[in-house]
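Tertiary structure, described
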Amino acid sequence: MGVALADPTQIHQVLMNLCTNAAHAMDDKGILEVELSHVDLSKSDLTDQSIVDLKPGPYLKLCVSDTGSGMDKATLERIFDPYFTTKEVGKGSGLGLAVVHGIIKRHDGAATVRSEPGKGSTFCIYIPAVEANTGVVVETGQAPPTGTERILLIDDEQMVLESETAILERLGYTVTPETNSLRAIEIFRFRPNEFDLIITDYTMPKLTGTDLFQEIRQIRPDIPVILCTGFSEKITAAVAVDLGVELVMKPFSMKQLAELIRKVLRAQEP
Ligand SMILES: Nc1ncnc2c1ncn2[C@@H]1O[C@H](COP(=O)(O)OP(=O)(O)OP(=O)(O)O)[C@@H](O)[C@H]1O
Ligand SMILES: [Mg+2]
């Protein structure tokens, strides 16, 4: 299919704006089509007024079509203008397509529109593709590793706990979140074999990470533990090695955590 160098958040925005417009144009029934293809544009293809400025070469082409109201010529001429809208006051700001246009320009791309009143519209955007054989190293970013193990997650900050739970669940894990370290110990004491890994914050009001860790080891010596620490905390890598825990410094990325979890669990394998 090919790869483009683009900001995923911005491309997401482009797609959202085009699809929202398409949905609005169709009221309650119609067909919305989204198509991604790889095209090689030669000089002779670049005749359409809106893409004449593109350089010939490979592009990713993303099209959004609808079978909605379509647009007349007068409307078509102005759709990319900031604040141009045909929607009622309060319904549309007229910025959607202006934003799309800005994003595409920043990616050295272009957009075309075809529309027929009463029939529908097709918006296509072109973003330059990067060919693997041009010598450019394409860093597509490896997805973080996933897993299905059961994790007891302890952090006294509710917000942190919730976001970490969401991240771990998205990676596939079954998570038991707990804000109170004493209660966490009780949960673990009650069913020690129902967890594959414990991830805990180091600094907590009732029981610090190291004390908590000692308790955990008494209950089940072989359970792997990851300690999350801030920069100012006194636990060092050497202490962690002594304790036999893995350390992760806050703030950490989802990918860092995902990789560390796999490393720790791999070490457990017989
Ligand atoms: N798929 C479409 N079908 C019909 N008309 C469209 C379509 N997409 C855009 N338009 C027209 O272009 C105008 C400008 O679109 P744009 O997305 O910039 O603003 P908006 O949708 O009116 O408001 P906003 O996106 O800021 O909420 C719309 O008001 C509409 O008249
Ligand atoms: Mg819009």
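Structure shown above.
Structure report, in brief. For clarity, every value in this text was computed on a predicted model and none was experimentally measured. (Residues numbered from 1 in each chain as written. Chains lettered and ligands numbered in written order. Predicted model: local features only at pLDDT ≥ 70, side-chain atom pairs only at ≥ 80, totals over all residues. Heavy atoms only, no water.)

Together, Y83, L95 and V99 line one region of the surface with nonpolar side chains, adding up to about 280 Å² of accessible area. On the basis of relative accessibility, which here comes to 32%, the residue V99 falls in the partly exposed class. (Patch = residues over 30% accessible without salt bridge, like charges linked within 9 Å, V, L, I, M, F, W, Y side chains within 5 Å. Areas by Shrake-Rupley, 256 points an atom, 1.4 Å probe, with all protein chains shown as cover. Salt bridge = Lys/Arg side-chain N within 4 Å of Asp/Glu carboxyl O. Buried < 20%, exposed > 50% of the residue type's maximum accessible area, 1.4 Å probe, protein only.)

Below, the discussion takes up unusual backbone geometry. Phi angles above zero are rare outside glycine, and D27 is one such case at about 50 degrees. Although it is not a glycine, Y83 sits at a positive phi angle of roughly 70 degrees. Position of Y83 among the secondary structure elements: in the loop between α2 (73-76) and α3 (96-106). (Helix = DSSP H or I, 4+ residues; strand = E, 2+ residues; numbered from the N terminus.)

The next subject is the packing of aromatic side chains. Scanning the model with the defined rule gives two aromatic pairs in all. Ring geometry for Y59 against Y126: centres 6.4 Å apart, planes inclined by 85 degrees, an arrangement best described as edge-to-face. Here Y59, found in strand β3 (residues 57-66), pairs with Y126, found in strand β5 (residues 120-130); they are 67 residues apart in sequence, far enough to count as distant. You'll find Y59 and Y126 in the same group, each marked buried. (Phe/Tyr/Trp six-rings, centres within 6.5 Å; stacked < 30°, edge-to-face > 60°.)

Turning next to the site of ligand 1. The environment of ligand 1 is formed by 20 residues, the closest being T85, T86, K87, S93 and L97. Interatomic distance of 2.8 Å between a side-chain N/O atom of D66 and a nitrogen atom of ligand 1. In the model, an oxygen atom of ligand 1 is placed 3.2 Å from a nitrogen or oxygen of the G96 main chain. Here ligand 1 loses 89% of its free accessible area of 590 Å² to cover by the protein chains. For the shell around ligand 1, the secondary-structure elements that each account for two or more residues are α1 (8-25), α3 and β5. (Near = heavy atom within 4 Å. Polar contact = N/O pair within 3.5 Å; in protein donor to acceptor, adjacent residues only side chain to side chain.)

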